[in-house]
Amino acid sequence: MGDISGGDSSPAAPQVIISWSHASNAGRGFKDPAAKRAADEAWRDEVLEFFVALRRSGIDAEIDLAHFSERGVDWTRWGPTMVRERDVIAVVNAGWRRAWEESGDGFTGRGAAAEVDVLLSIFNEDRDVFQEKVLLVLLPGSDDSDVPYGLGRLQRVRVRAFDDDGLTPLLRILTDQPEYPLPPLGAIPLLPAAASAVIQRRLDHPAAVEGRVGAHDHVGITDSVTVELVRGGAEKEAEAEAELRDEIALLRSALRQVPQPGPGEGPHIPWFRTWEQLQIQLDGLQRQLAALEARAPASSSAPSSQDELRLASLLDGVGAEVERSNRCWLLLAAAPAAQQAAVRGADRATVEQRREQLTRWRETRAPVVSLDWSTEAVRRPGRVTFTGELARGPGFSTRWRVELLDDGSAVVGAAVAETPLADGMGSVAWPGQAGQTLRDAAIYLPVRRDLLEIWTLTAVELAVYQALRDAESGGELVLQARLILPIDLAMPGVHDPRRLGVRIVEEVRDEDGHHDGDRPVPGGFDLPLDGQPPCSAPNLVRLPAADSPRAVVQAARHLAGALLEFFGVEGTAVLRADNTLDPFAAAEGDQQVTYQHARALGLPVDPRGPAERRRRYDELVAEARAQLRPE
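What you see is a predicted model; the values in this text were computed from it and never measured.

Procedures and definitions
- Residues numbered from 1 in each chain as written.
- Predicted model: local features only at pLDDT ≥ 70, side-chain atom pairs only at ≥ 80, totals over all residues.
- Heavy atoms only, no water.
- Helix = DSSP H or I, 4+ residues; strand = E, 2+ residues; numbered from the N terminus.
- Buried < 20%, exposed > 50% of the residue type's maximum accessible area, 1.4 Å probe, protein only.
- Contact = heavy atoms within 4.5 Å.
- Areas by Shrake-Rupley, 256 points an atom, 1.4 Å probe, with all protein chains shown as cover.
- Pairing = 2+ DSSP bridges.
- Axes fitted to C-alpha atoms, helices over the stretch in contact; angles between N-to-C directions.
- Core = buried A, V, L, I, M, F, W, Y, C linked by side-chain atoms within 4.5 Å.
- Phe/Tyr/Trp six-rings, centres within 6.5 Å; stacked < 30°, edge-to-face > 60°.
- Expected span 1.5 Å × (residues − 1).

Enquirer: Explanation requested: the overall build of the protein in the structure shown.
Expert: Along its length, the protein carries 16 helices and 19 strands. Put simply, the protein has 631 residues, and 44% of those count as buried. Long-range contacts, defined here as pairs at least 24 residues apart, represent 66% of the contacts in the protein between residues at least 6 apart. With an accessible surface of roughly 32100 Å², the protein has 52% of that area assigned to carbon and sulfur atoms.

Right, dumping it as structure tokens:
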């Protein structure tokens, strides 16, 4: 950015252009033109105040508002020229994000779109220049969700006020005046060699030699090399590891609720200490977990190689059938563990017996996904197969498949990415997604995160219910999840599986909380799947303890979380770290049924469900708009 040099000469004022969208975030929520215009004018005044504050602080800032009354301004060239000649402060909001992602209507935000086109050219020519040139600024009323997909790499600054304190973090970046400058580099000190006896005595301790240091063992080392060993059991070791993983998930969830420190934000920011303490706790727990995994002996109840082969066989068999469709499928396989005390014998149930069993499961468990078991079903060798299609909204449905094997195994599948729409001119698109051309390096099927989680939970619940029919025999159930891509999209030019991939997306909601399309999950990345498909590690569930709702949610959370990790998405949303459900993290159309399912399971939920909240919100909005309506 700018440069403040020593000497007698005055430093050159940094030259910047403020790129912004004239459409406000608040204005999108109003259908009344007068109310929308008032919101947009308030946003304009806020950006103008920011511009004036920069000029007042010695920044040679430019903005289109300052030239509206000038003659002869060529607006088709003014913005793009400024972007090429100056550094760029992008004041991001939903309108600017739409300009970058080319998701607008083509008529509004044309000035911002023209400036963004120049930025895209710079980005494609030299990303280092782009990184140095562009700075993202979030004014009051904007948040991280307004940052366009792909620009998370850029520096961003929150400007909460336009006084000296509020502008200081931004001014430090623009003028190259770091708050914490690097001190001069000193000489490396010469240190005496440490005696190796202390380390060797630790390694020679009998517990370390025999490899018996477990998850609940505590080893304390003092200057006199005193070793204290408190022995736990194998079962406690597994419980401790599970507790650690849950605590880590809870801390990660808490961290997501705290703003991430931006450039120049340190201990002087009120919430910084909270963020720092949570991060320190998280780092400590992750080190503990890594130490446990490194030294703990293999659990006697871990899935065996026979279990893994069985699950792989089930997934491969069903996967070979569903990959011929135009959909991306989530498959979950469940099988009785090989080492359990009693293994179920052959149970050749008829189609009607299976249908009655599954109907009873739906009525007693009230699952989030309420499948209709009166659909097509057929008895095949060693199994009964149900297939159907579930309506998820206007023009949107989900294909599903359930296989119940005679040996107590089960495979549940759902199409979590639907058939694309082709325009006949060389491009494909999915509802709520920007189009992709067949000339692109890869075609990415969008998978909604909340839908992946909901179907994983449904599949685990069904598999556990199936296994619990023999709960009196004890034993364990082994689960594994996998994503299956189609081998052929059945469209000209899209037939090479190496050109297909997955993009994890989430629902975008407007100011009224209604569905407004989908967007890639922040922090995630597209993944071309040209090798082994994403697959979770086998997850072992003890029966009949799995009848606990929290145990089922925990198993589903681990499976779905493992799949999401393939795409850089950290943690689940609907399946919470405390093994309960968050209905409000689901898409708008699934919130109420998720809430009802959580209540049916006896999980803690807010007394007011999504439907009641929506009704109350609509009432308040109607009252506010009535007050704004001119007499």
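Enquirer: Is there a simple way to think about the sheet that holds strand β2 (residues 60-62) in this case?
Expert: Across a sheet, strands are paired by hydrogen bonds formed along the backbone, either parallel or antiparallel in direction. In spatial order, the strands read β2-β1-β3-β4-β5; together these five strands make up an open sheet with parallel pairing. Pairing within the sheet leaves two strands with one partner each, and these edge strands are β2 and β5 (156-158). Sheet twist, expressed as the average angle between the axes of neighbouring strands with direction ignored, equals 25°.

Enquirer: Where do I start with unusual backbone geometry in this structure?
Expert: Excluding glycine, a negative phi dihedral is what most residues carry, and trans is how most peptide bonds are arranged. Phi angles above zero are rare outside glycine, and Asp-176 is one such case at about 55°. Even without a glycine there, the phi angle at Asn-579 is positive, about 65°. Residue placement: Asn-579 occurs in the loop between α14 (549-565) and α15 (591-601).

Enquirer: Help me understand the pairing of strand β16 (residues 500-509) in this model?
Expert: The side chains of a regular strand alternate, residue by residue, between the two faces of the sheet. Buried residues dominate β16, accounting for nine of its ten residues. Across six bridges, the pairing between strand β14 (residues 443-448) and β16 is parallel. Of the residues in β16, the one forming a bridge with Leu-445 is Val-502. Relative to strand β18 (residues 527-528), β16 is paired through two bridges, and the arrangement is antiparallel. Bridged to Gly-501 within β18 is Pro-528. Across four bridges, the pairing between β16 and strand β17 (residues 515-520) is antiparallel. Counterpart to Val-505 in the pairing with β17 is Pro-520.

Enquirer: Help me out: how do you make sense of the nonpolar core in this one?
Expert: Soluble, globular proteins show a tendency: their nonpolar side chains are buried together. Counting 65 residues, the largest nonpolar core has Cys-328, Trp-373, Val-402, Trp-455, Val-460 and Leu-479 as its most contacted members. If we ignore the near neighbours within four places in the chain, the residues touching Trp-373 are Arg-355, Leu-358, Thr-359, Trp-361, Arg-362, Phe-386, Trp-400, Val-402 and Leu-462.

Enquirer: Looking at this model, I keep getting lost on the packing of aromatic side chains. Mind explaining?
Expert: The geometry of two aromatic rings is summed up by the distance between their centres and the angle between their planes. Using the criterion set out here, one finds six aromatic pairs in the structure. On the numbers, 6.0 Å between centres and 40° between planes, the contact of Phe-50 with Phe-162 is tilted. In this pair, Phe-50 sits in helix α1 (residues 33-56) while Phe-162 sits in the loop between β5 and α6 (164-174), placing the two residues 112 residues apart along the sequence. By the burial criterion, Phe-50 is buried, and Phe-162 matches it. Ring geometry for Trp-100 and Phe-130: centres 6.0 Å apart, planes at 35°, overall tilted. Taken together, the residues Trp-100 in helix α3 (residues 94-101) and Phe-130 in helix α5 (residues 127-133) connect sequence positions 30 residues apart. With respect to burial, Trp-100 and Phe-130 carry one shared label: buried.

Enquirer: I would appreciate a short explanation of the pairing of β14 in the present structure.
Expert: Where burial is concerned, most of β14 is hidden: six out of the six residues are buried. The alternating pattern of β14 places Ile-443, Leu-445 and Val-447 on one face and Tyr-444, Pro-446 and Arg-448 on the opposite face, and all of these are buried.

Enquirer: Honestly, the environment of Leu-138 in this entry has me stumped. Any pointers?
Expert: Among the structural elements, Leu-138 can be located in strand β4 (residues 134-138). Between the C-alpha atoms of Leu-138 and Val-157, which are 19 residues apart in sequence, the distance is 6.2 Å. Those residues within four positions of Leu-138 in sequence are excluded, and the remaining contacts are Val-92, Asp-143, Asp-144, Arg-156, Val-157, Arg-158 and Val-159.

Enquirer: Got a minute to help me understand helix α13 (residues 449-467) in this structure?
Expert: Helical periodicity: at 3.6 residues per turn, an α-helix aligns residues three or four positions apart in one direction. Taking 1.5 Å of rise per residue, the 19 residues of α13 would be expected to cover 27 Å, and the 27 Å separating its terminal C-alpha atoms lies within 8% of that figure. Of all 19 residues in α13, 19 are buried, a share of seventy percent or more.

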